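# Structural overview
So the chains spell out like this:
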Amino acid sequence: MTTATTSPEGLTDEQRDFAAAIRDFCKRELGTPEQRERVTNGYAVSHSAEIYKKMADLGWLGITIDEELGGSGGGMVDACVFMEETARGLAPIGGYGTTLIVAGAVQRFGSDEQKQKILGGIAGGSVEAIAMTEPEAGSDVGSLTTQAERVNGGYVLNGTKVFCSNAHISDHVLVVARTSKGESKHEGLSMIFVPTDNPNMEIKPIDTMGGRETNYLYLTDCEAPEDAVLGQVDAGWVQLMAGLNVERLILAAIQLGIGWRAFDDALAYAKDRKQFGRPIGSFQALQHRFADIATQLEAARLMTYWVASKVDEDPNRMLPKEASMVKLFVTETAQKASLEGMQMMGGYGYSSEYDMERLVRQTLVSTIYGGTSEIQRNIIAKTLGL
């Protein structure tokens, strides 16, 4: 794709055409509440295999994957366009975020065989998941205790993972486990692919405000061959840190789209809803709130594409400050947009008849997963020498 910049976000004409195509698709396939309700089984699921397959057929799921593996060879700016527009269009493709995180790890550290299998599958429509968090290891990932013992040329995994998003719809889970004990808790971690049909890995959904998007994983004498290890054995922490920059950008891009959708829906409601003889959007109290949210969302968009462009300039560069800033700012902005939208819509914003209450649930968790806002602030402070 061409790299000439032609818009404030740094998008090319081709990328803006791509955004328009996604908007058209979402309007056609998901433009009515009835369509959205059908493909999500009454909003019970966040990922529609039907919609995902149509996007795979259009070549959209392989945006960042090399052409020889079935992708289009684009970068993170292209991926952010896709994530912002699909989220804004309420496309139920909840599995894409974790899939793109795994794709980035495989592109960076995978063997040729893994790239062929995993990346080729992703371009064709497969979903992937990654398992880091444990009941006693959340923000402190280095304290995880899931063990991967070397046995007969492979590994046997034992342990429990929690909040593993999309494991129930994935082909594989990239499990972070301890393969050896080092002087530091960050030493001796490895990343190992486990197929979700492995009988010794139980996947149990967790009921949450957002439905059943995340899971417990129970690994009991779960075997994995040696070639299931991603990258180097015992180098999992370094590999995780290398990928967190992109993971946080991915989460930000999705929330950017959700924030814009909350703003769009609230604005349309304020223009249509009448009280005291005139549209509620004509009252200055609401006008100023809309002005503030619009300004913050535009700033969030510029930050998102700025960080994405820095990733594309050098995919191997570590961006701890920028990645934490974009994740922090965009998720908190999207959360504010949805909560303000619910408040301005009153009881209708709380009603499941409208999309706003679902948008609120999606943004509430966004400041928790992928590193809480508090952790992002800690990281930013460290980059400032504090």
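Below is a short write-up of the structure. (Residues numbered from 1 in each chain as written. Predicted model: local features only at pLDDT ≥ 70, side-chain atom pairs only at ≥ 80, totals over all residues. Heavy atoms only, no water.)

### With respect to the environment of Glu9
Structurally, Glu9 is set in the segment before helix H1 (13-30). The spatial distance from the C-alpha of Glu9 to the C-alpha of Val77 is 9.4 Å, given a sequence separation of 68 residues. With residues up to four places along the chain from it excluded, the contact list for Glu9 reads Arg301, Leu302 and Tyr305. (Helix = DSSP H or I, 4+ residues; strand = E, 2+ residues; numbered from the N terminus. Contact = heavy atoms within 4.5 Å.)

### Thoughts on the packing of aromatic side chains
The geometry of an aromatic ring pair comes down to the distance between the two centres and the angle between the two planes. Scanning the entire structure with this criterion turns up 12 aromatic pairs. Here the aromatic rings of Phe18 and Trp60 are separated by 5.8 Å at their centres, their planes lie at 75 degrees, and the arrangement is edge-to-face. Of the two residues, Phe18 sits in helix H1 while Trp60 sits in the loop between helix H3 (49-57) and helix H4 (76-88), which places them 42 residues apart along the sequence. One aromatic cluster in this structure is built from Phe18, Phe25, Trp60, Phe82 and Tyr96. The cationic tip of Arg278 hangs over the ring face of Phe283; the distance from NZ or CZ to the ring centre is 3.8 Å. Looking at Arg358, its charged tip hangs above the ring of Tyr43, at a distance of 3.6 Å from the centre. (Phe/Tyr/Trp six-rings, centres within 6.5 Å; stacked < 30°, edge-to-face > 60°. Lys NZ or Arg CZ within 6 Å of the ring centre and 35° of its normal.)

### Thoughts on the nonpolar core
Among the nonpolar cores identified, the biggest contains 104 residues, and Met55, Met76, Phe82, Met83, Tyr96, Leu157 and Val173 are the most heavily contacted of them. Counting residues per element, this core draws most heavily on helix H7 (residues 236-272), at 14 residues. Setting aside residues up to four positions removed in sequence, Val173 forms contacts with Ala129, Ile130, Ala131, Cys164, Ala167, Ile192, Phe193, Val194, Thr196, Met201 and Leu217. (Core = buried A, V, L, I, M, F, W, Y, C linked by side-chain atoms within 4.5 Å. Buried < 20%, exposed > 50% of the residue type's maximum accessible area, 1.4 Å probe, protein only.)

### Observations concerning the packing of helix H9 (residues 320-345) against helix H12 (residues 373-383)
For the pair H9 and H12, the least separation of the axes is 9 Å and the interaxial angle reads 145 degrees. Remark: the crossing between H9 and H12 carries left-handed chirality. Contacts between H9 and H12 pair Pro320, Lys321, Ser324, Met325, Lys327, Leu328 and Glu332 from the former with Ser373, Gln376, Arg377, Ile379, Ile380 and Thr383 from the latter. (Axes fitted to C-alpha atoms, helices over the stretch in contact; angles between N-to-C directions. Left-handed = near helix turned anticlockwise from the far one by under 90°.)

### What to know about the environment of Arg301
The residue Arg301 is located in helix H8 (residues 284-313) in this model. In sequence terms Arg301 and Pro135 are 166 residues apart; their C-alpha atoms lie 34 Å from each other. In this view, Arg301 contacts Glu9, Glu84, Arg88, Leu256 and Trp260; residues no more than four positions away in its chain are not counted.

### Notes on the pattern of salt bridges
The final tally for this structure, using the stated rule, is 22 salt bridges. The partner of Glu50 in a salt bridge is Lys54, with the nearest N and O atoms 3.7 Å apart. Highlighted residues: Glu50 and Lys54, both in helix H3, separated by 4 residues, approximately one helical turn. Lys185 is the salt-bridge partner of Asp140, the closest N and O atoms lying 2.8 Å from each other. Taken together, the positions of Asp140 in the loop between strand S1 (128-131) and strand S2 (147-151) and Lys185 in the loop between strand S4 (172-178) and strand S5 (189-195) put the pair 45 residues apart, joining distant regions of the chain. Residue classification places Asp140 among the partly exposed positions, given a relative accessible area of 34%. For Lys185, a relative accessible area of 40% translates into the label partly exposed. What you see here is one network of salt bridges that share partners, running through Arg28, Glu29, Arg38, Glu50 and Lys54. (Salt bridge = Lys/Arg side-chain N within 4 Å of Asp/Glu carboxyl O.)

Read these as spatial facts, not as claims about activity.
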